[in-house]
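What follows is the residue order along each chain.
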Amino acid sequence: MAPTQRAIHFTPAGQLGILLILIVVSTLVFTLIGLVSGSAVAGCNLVENMQNYDNPELVNGLKVMQIFNSIGLFIIPALLMPFFMKLSFRDALGFRKPEKRLVIAPVAIVMLVAIPVINALVALNENMVLPGFMSGFEDWMKQSEAEAARLTEAFLSVTTVGGWLFNLLVVAVIPAVGEELLFRGFLQRLFQDWTKRKHLGIWIAAILFSALHMQFYGFLPRMLMGALFGYIFLWTNSLWMPILAHFVNNALSATAYWMMSSGKLPESAETIGGRQGDIGLLLAGVALTAGVIFWIYKNRKMIPDYR
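Residues take numbers from 1 onward in each chain, read along the sequence in its written order. Side-chain atom pairs in this predicted model are given and counted only at pLDDT of 80 or more, local residue features only at pLDDT of at least 70, and totals for whole chains, interfaces and linings cover all residues. Side-chain figures throughout are based on the complete set of non-hydrogen atoms in the structure, without hydrogens or water.

In this description, a pair of aromatic rings is defined by centroid distance and the angle of the planes. A pair of Phe, Tyr and Trp rings is counted when the ring centres sit within 6.5 Å of each other, with Trp represented by its six-membered ring. The angle between the planes then sorts it: under 30 degrees is stacked, over 60 is edge-to-face, the rest tilted. Going through the model one piece at a time under the given rule, you end up with 8 aromatic pairs. Seen from their ring centres, Phe-83 and Phe-84 are 5.6 Å apart, and the 80° between their planes marks the pair as edge-to-face. Consider the rings of Phe-209 and Phe-229, whose centres lie 6.4 Å apart with planes at 70°: the pair is edge-to-face. Residue Phe-209 is found in helix α8 (residues 198–212), and its partner Phe-229 is found in helix α9 (residues 219–236); the two are separated by 20 residues along the sequence. As far as the burial class goes, Phe-209 and Phe-229 line up, both buried. Whether a charge sits over a ring depends on NZ of Lys or CZ of Arg being within 6 Å of the ring centre and within 35 degrees of the ring normal. Above the ring of Phe-155, the side-chain terminus of Lys-63 is found at 6.0 Å from the ring centroid. For the cation-ring pair, Arg-184 lies above Phe-209, with the distance from its terminal atom to the ring centre recorded as 4.6 Å. A run of H or I in DSSP becomes a helix once it reaches four residues, and a run of E becomes a strand once it reaches two; helices and strands are each numbered from the N terminus. Between buried and exposed lies partly exposed: a residue is buried under 20% and exposed over 50% of the maximum accessible area for its type, with that area taken using a 1.4 Å probe on protein chains only.

Okay, here's the thing in structure tokens:
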């Protein structure tokens, strides 16, 4: 009988060090691949034409590069960690089916009913004003945020079904799988083991999740969403559930942009819940979101062996 393969027990600091090395190497390799592939799709050098967002071929090239960047930054490092630790993907990353399928619908629904709450948090975050002595930093943040908004607009403003489906792949499928693999599947559990505090591990991973996006005026809502994904993982013990929630959130945004660009939705739909006069809708969103989260929490014991 062949000997049983046993896990290698690295310290949390050692695991984090290995992960950082993998992230650096993988990101460099896949960024280069993405740059070459994206330039081929765009028919021009992406580096020299990076901000020419009026060119649809160049935007498609940037999307291809984004796919490879996400794979290199999130997916490959997270998938390689179980190999180094000699653990199965299921054990190392939490790829388990939820014990009861009736948790699946609430996990998806919570992101739908939370739209007014998320938009209100975005509006609150955008109104943040830093002290006078940080005015230079604030100007830089606003410039960075404006550039990120331009890129988002260029990516998501499509009118065809094919463009919408491609956007779902770029901004919903790959980020949902990749970011949840890294932040919930690996980092959250690493920090939970390191601190011996499951809630602290969730919030550290959520803060890192938001910070890595480098969009300062969306830091608060993204951090809270990261925490929600973390608690969904904790309560269901299945990484598929935060992946589902993350996908639904991003897919709703991509779909809203597509419908607005196609004239099927008014542009005001983008900020629903975050505008003056939306207080009733916001309160309804808060109540529904809290209710669905509470339902998931109350039914957490349906899932055995949750952390």
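Caution applies to low-pLDDT regions: their predicted coordinates should not be interpreted in detail. What pLDDT conveys is the predictor's confidence in a given residue, as a value from 0 to 100. The predicted model of the chain averages 87 in pLDDT, with 93% of residues at 70 or higher. In what follows, a contact means two residues having at least one pair of non-hydrogen atoms within 4.5 Å. Note that residues 302–307 has pLDDT below 50 and, in this model, 23 contacts with residues that lie over four places away or in other chains.

Between Lys or Arg on one side and Asp or Glu on the other, a salt bridge is scored when a side-chain nitrogen of the former is within 4 Å of a carboxyl oxygen of the latter. Applying the stated criterion to the full structure yields 2 salt bridges. Here Arg-150 and Glu-147 are joined by a salt bridge, their closest N and O atoms 3.3 Å apart. With Arg-150 and Glu-147 both in helix α6 (residues 135–156) and 3 residues apart, this pair spans about one turn of that helix. Exposure remark for Arg-150: the relative accessible area of 40% places this residue in the partly exposed category. A salt bridge links Arg-184 to Glu-180; the nearest nitrogen and oxygen atoms lie 2.8 Å apart. Of this pair, Arg-184 and Glu-180 are both found in helix α7 (residues 161–195), 4 residues apart, which corresponds to roughly one turn of the helix. Residue class for Glu-180 comes out buried when judged on its relative accessible area of 0%.

This paragraph deals with α7. Remark: the principal bend of α7, roughly 40°, maps to Pro-175. Taken across its 35 residues, α7 has 25 buried, putting it largely inside the fold. One or two residues past the end of α7 sits Lys-196, with phi positive at roughly 60°. Bend, in this description, refers to the angle at a residue between axes fitted to the seven residues ending there and the seven starting there.

Within an α-helix, residues lying three or four positions from one another point in the same direction, as the helix has 3.6 residues per turn. A helix is expected to reach a length of 1.5 Å times the quantity of its residues less one. Given a rise of 1.5 Å per residue, 18 residues ought to cover 26 Å, and the 26 Å separating the end C-alpha atoms of α9 matches this to within 8%. Across the 18 residues that make up α9, a large majority, 15, are buried. Trailing α9 by a residue or two, Asn-237 shows a phi angle of about 60°, which is positive.

What follows concerns unusual backbone geometry. At Lys-196, a residue that is not glycine, the phi angle is positive and equals roughly 60°. Positionally, Lys-196 belongs in the loop between α7 and α8. Positive phi values are uncommon outside glycine, yet Asn-237 reaches one of about 60°. Position of Asn-237 among the secondary structure elements: in the loop between α9 and α10 (240–261). Here Asn-237 falls in the buried class, since its relative accessible area comes to 6%.

The next thing to look at is the environment of Ile-21. Considering the arrangement of structural elements, one finds Ile-21 in helix α1 (residues 12–42). Residue classification places Ile-21 among the exposed residues on the basis of a relative accessible area of 56%. Distance from Ile-21 to Val-173, taken between C-alpha atoms, is 25 Å for residues 152 residues apart in sequence.

Turning next to the environment of Gly-72. Inspection of the secondary structure assignment puts Gly-72 in helix α2 (residues 56–85). For Gly-72, a relative accessible area of 0% gives the class buried. Each C-alpha atom, one on Gly-72 and one on Leu-28, is 7.7 Å from the other, the two residues being 44 residues apart in sequence.

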